[in-house]
Amino acid sequence: MAKYNFDQVHSTLDFSIKHLMVSKVKGTFDDYHVELTGDLNDLSTVEATVKIDVDSINTGNKDRDNHLKSADFFNTDENKEITFKTTKITEDSVTGELTIAGQTHEETFDFDFNGISVNPMSGGKVTGFSVSGKINREKYGVDFNQALETGGVMIGKDVKFEADAEFSVEE
């Protein structure tokens, strides 16, 4: 069986959420790791574990990032990481246990296996996956919000995300 080495330099984990009912705030997590095992010729054998360092959240605004790390949102003093452990992978979806702020729920997301290629710089094989979807942050107890004078709320409940992960393949 092949060994897969996560390449964070060529991977991304981005998110967006509605702000003030009229725009979106976008961000990323700068520090995360994916462990991958299984046979890529049979996706049903593939398992992945994702560990995201919540302190690495980056929205391009330090004050907002610090607020997101506070007890109003992720409470990083007590909840250092977000984890996702796959339970089922098919050609177009991935299901697993997602843990945020100490609460775990099963989630299913869109999944694309991007195949296997050869890196012309190293001559080695690489593979990659794309995962996208949305989660209801309130389901995980991340429910800080404020009503607006004009109706609606300051922050949407649905967080949309897109992740792309690349791995070198050792056979």
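Our structure's up above, just so we're on the same page.
A brief report on the enclosed structure follows. (Residues numbered from 1 in each chain as written. Predicted model: local features only at pLDDT ≥ 70, side-chain atom pairs only at ≥ 80, totals over all residues. Heavy atoms only, no water.)

Attention shifts here to the overall build of the protein. For the protein, the count of helices and strands is one helix and eleven strands. In the protein, the order of α-helices and β-strands from amino to carboxyl end is β-β-β-β-β-β-α-β-β-β-β-β. In terms of overall dimensions, the protein is globule-like: its C-alpha atoms have a radius of gyration of 17 Å, near the 16 Å expected for 171 residues. Oriented by its inertia axes, the alpha-carbon framework of the protein measures out at about 60 × 30 × 30 Å. Out of the 171 residues belonging to the protein, those deemed buried represent 39%. Put simply, 52% of the contacts in the protein that link residues at least 6 apart link residues at least 24 apart. Working note: accessible area of the protein is about 9900 Å², and carbon and sulfur atoms make up 48% of it. In the protein, 17 side chains carry a positive charge and 32 a negative one; their mean positions are 4 Å apart. (Helix = DSSP H or I, 4+ residues; strand = E, 2+ residues; numbered from the N terminus. Rg over C-alpha atoms; globule rule 2.2 N^0.38 Å. Buried < 20%, exposed > 50% of the residue type's maximum accessible area, 1.4 Å probe, protein only. Contact = heavy atoms within 4.5 Å. Areas by Shrake-Rupley, 256 points an atom, 1.4 Å probe, with all protein chains shown as cover. Lys, Arg positive; Asp, Glu negative; His and termini not counted. Charge placed at Lys NZ, Arg CZ, Asp CG, Glu CD.)

Time to look at the side chain of Ser-130. The topology assignment puts Ser-130 in strand β10 (residues 125-136). For Ser-130, a relative accessible area of 16% gives the class buried. A polar atom in the side chain of Ser-130 sits 2.4 Å from the side chain of Asp-164. In this structure, Ser-130 is in contact with Asp-110, Phe-111, Asp-112, Asn-114, Ala-163 and Asp-164, ignoring residues within four places of it in sequence. (Polar contact = N/O pair within 3.5 Å; in protein donor to acceptor, adjacent residues only side chain to side chain.)

Side chains of a nonpolar character, in soluble globular proteins, are inclined to be buried together. In terms of nonpolar packing, the biggest core is built from 42 residues, with Phe-29, Phe-74, Ile-82, Leu-98, Ile-100, Phe-109 and Phe-167 touching the most fellow members. When sequence neighbours within four positions are dropped, the list of residues in contact with Phe-74 reads Phe-29, Val-54, Ile-57, Leu-68, Lys-69, Asn-79, Ile-82, Ile-100 and Ala-101. (Core = buried A, V, L, I, M, F, W, Y, C linked by side-chain atoms within 4.5 Å.)

Another aspect to go through is the packing of aromatic side chains. For the coordinates displayed, the defined rule picks out ten aromatic pairs. Ring plane angle 75° and centroid distance 6.5 Å describe the contact between Phe-29 and Phe-74, whose orientation is recorded as edge-to-face. Of this pair, Phe-29 sits in strand β3 (residues 23-29) while Phe-74 is found in the loop between α1 (62-69) and β7 (81-89), placing the two residues 45 residues apart along the sequence. Each of the two residues, Phe-29 as well as Phe-74, counts as buried. Between Phe-129 and Phe-167, the ring centres sit 6.0 Å apart and the planes meet at 75°, which makes this aromatic pair edge-to-face. In this pair, Phe-129 is assigned in strand β10 and Phe-167 in strand β11 (residues 155-170), connecting sequence segments 38 residues apart. When its relative accessible area of 7% is taken as the criterion, Phe-129 is described as buried. Each member of the aromatic cluster is reached from another via a ring pair, and the members are Phe-6, Tyr-32, Phe-111, Phe-113, Phe-129 and Phe-167. (Phe/Tyr/Trp six-rings, centres within 6.5 Å; stacked < 30°, edge-to-face > 60°.)

In short, shape yes, function no, at least from these values alone.
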